[in-house]
Amino acid sequence: MSIILSKTSRNLSSSFLQNTFLLAGMNRPLYLSYGLFLLVTFSLNTKLFAQPVQKKVVMISIDGTPDYLIDKFLRNGVLPANGAFAKMKKYGAYAETMLPINVGSTGPSHTSIFTGATPAQTGIVGNSFRNANQSKNSPALSAFRQPVAAETIFQAAMRQGKKVMALGGVGLDDSDIKRKTDYLYMYPNISGPSLVLDLNSTDTVLKGQNNKVFRKLKTDLKSPSKPIFEVAGGLKIPLHIYLTDSINSGTNTLSPLPQIIVDTDADLNNGYAAAVVPDQWTVIALVKNGKQYNVSFKILKKDVAAGKYRLFMSAPAEIFGYPSSFLQKIQSAIGFWPGEPENRKQTTGLISEEIWFEQIDRLAKYYRDLIITGMKTENWDLLFGYFSTLDDVQHRYTLTDPRQIDYTAENGKRPARYAGYIEKWFQTIDRYLLEIMDAAPPETNFVIFSDHGMIPIHTNLLINNYLEKQGFNVSKSELEGISSGTSAHIYINKEKIGVQSLPSYIKRLSQSLQLLKDSVTGEPIFEIVANQQEQKRLGLYHKDYSGDLFVSCKVGYAISDRYLPDVNYLVQNSFDPAMFAHQNQATKNFLLNGTMNETGRAVHGSLSSIREGQSIFYAIGPNVPTRKLKSVLSIQIASTVSKLLGIAPPKDTKEKSAF
């Protein structure tokens, strides 16, 4: 089993941005002289006009980035004047705000960005949703794997002879040929649980290759996890864990260095899967049943004298690349995917805040290196890249509303501490964007956007608990709410209600939802309670997938679709167990196991009219005008990219280019 350590593959010497600015027509003698020099050169060499440089476009999604925060950080100097966002704003095109679709969540938003079509056309009406005809006992559908009923910008580009590279996009995977691009690095699919193993030294000593000595480690009786590598589909592999006290230094000598050895069989003579050294991350690939899974290991604690260790293994992630030679080139250049941050394990205290931020840092660097390496590895016309960093950090650390229960924690100092984290990571992504731009070919146009903004949350509504409380029998499968952050579709079981009773049932249900009020302001909690006719106006109605009613919250509320009878239907949310220590055990369990877009301190999924949920649009490059735009629509991105590439937009795109 080979281990490839991550390597940085960057070239910061490219003058992409510089050349772009020179051609922007700035009113300075130096630039005018350079422009005249170019004109003379082009006139003398007419062959350049006969063979124009092929246009390239890089699309980068910075998940969860609100335009109001970018504006604030540019205004107060958090984002530097020579950074990527400042330069794009000065020399490129940018929008005061970008309006996402009316379920501003990762899955449906990206799908509509890629297709230029609304959920009414794509069929992706939420992060999670149902088919009106599916069994009520079957799981909800996922926006990340559900077929899309519209052509994407990637399909349109390939249909018109362009080479497309996609590095981690929604709806781009191995499930169908239509979801593949010429070069594809699928966003890894989390396939099993992460592990935190408390290990004790034993008296069992084994010898491996070259008579190297290994001491067996066993899990403590109170260990949070058992040493089993488990992935979806029933695959379970026992992990054999040992301690050794020396490592080959590379000069054929052994140096003292305690390390934990992890293997997938009991035979040390045939090698082992991972050697984990203190204070370092070790990433490995396990190939089973034709699929590759990446996991990262780190020693969280060690007491050598007592023979006690705590070992962390990230959640197994299924990796897919197309063609396989492209994946091999990527992994040879920058190593294996490092894994997502472990939100729930930080909430429960199994991993520290420090480790969580190490995971954030490793993943952000990997995204950066993936894009830069991809640009240099193959010939391409359209490249898509992705950063989840700002989405993850804001979900956990947005603390700006005095009604949030963490707001007064740490003697009122927590909001400022959390704000510092968010500022730091906005600066980091700004710097990484600049490095990517510097590494790009000079003919490259960039379109930078986000799928949605982020809304501070103080209260979580368990919508199915509320419906049950109001006399609607969720417990008897009469109806069910399926949430996407701050919004939800409500599906009624027609077999139980009956067609004739349905109109009056929907009316009564709608009235009950509209009566739900904020205990402080007295205002309705929902921004809208929409029947299917009203959903058409919002671009949300799809005959197969939309709910009988759609609800979306005002600022401050998120929706959970879990049905938990022992939990109140309104719960103040936090990721800090100290903040909800007084709650009953069922409520504690709900908050401890909450997802980022459910019990997060900031959540998305709102209507496009919610200011905090609005997103960013920036563009720069040789074919991008210097222009300030008012508001643009996210569904204009597909036609904008098409214009820059010189192709016809995807078939279902209705909106024109943003410029």
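From a predicted model like this one, the values you see are computed outputs, not experimental measurements.

**So, helix H16 (residues 502–514)**
If you check H16, its first and last C-alpha atoms are 18 Å apart, about what 13 residues at 1.5 Å a residue would give, namely 18 Å. Regarding H16, the residues found buried are Leu 502, Tyr 505, Ile 506, Leu 509, Ser 510, Ser 512 and Leu 513. Here the buried residues of H16 occupy an arc of 160 degrees about the axis, which is enough to place them on one side. With respect to the buried face of H16, the exposed residues turned more than 90 degrees away are Pro 503 and Lys 507. Residues of H16 that are buried make contact with helix H14 (463–469), strand S23 (479–484), strand S24 (487–492), helix H15 (494–497), strand S25 (526–531) and strand S26 (549–553).

**Let's talk about the confidence of the model for the protein**
In this model, the protein carries a mean pLDDT of 91, and residues with pLDDT of at least 70 account for 90%. A low-confidence stretch, residues 1–51 stays under pLDDT 50, and its non-local contacts, those more than four residues away or across chains, total 73 contacts. The low-confidence segment residues 249–254 (pLDDT under 50) makes six contacts with residues lying over four places distant or belonging to another chain.

**With respect to the sheet that holds S26**
Spatial ordering of the open sheet is given by S23-S24-S26-S25, a layout of four strands whose pairing is antiparallel. The open sheet terminates on both sides in strands that have one partner only, identified here as S23 and S25. With direction set aside, neighbouring strand axes in the sheet form an average angle of 20 degrees. Summarising the sheet, S23 and S24 pair through six bridges and their orientation is antiparallel.

**Quick look at the pattern of salt bridges**
Tallied over the full model, the rule gives 25 salt bridges. Across the pair Asp 173 and Arg 179 runs a salt bridge, and its minimum N-O distance is 3.0 Å. Each member of the pair, Asp 173 as well as Arg 179, is classed as buried. As a salt-bridge pair, Glu 410 and Arg 417 come within 2.5 Å of each other at their nearest N and O atoms.

Rules of the game
- Residues numbered from 1 in each chain as written.
- Predicted model: local features only at pLDDT ≥ 70, side-chain atom pairs only at ≥ 80, totals over all residues.
- Heavy atoms only, no water.
- Helix = DSSP H or I, 4+ residues; strand = E, 2+ residues; numbered from the N terminus.
- Expected span 1.5 Å × (residues − 1).
- Buried < 20%, exposed > 50% of the residue type's maximum accessible area, 1.4 Å probe, protein only.
- Arc of directions from axis to C-beta.
- Contact = heavy atoms within 4.5 Å.
- pLDDT = per-residue confidence, 0-100.
- Pairing = 2+ DSSP bridges.
- Axes fitted to C-alpha atoms, helices over the stretch in contact; angles between N-to-C directions.
- Salt bridge = Lys/Arg side-chain N within 4 Å of Asp/Glu carboxyl O.

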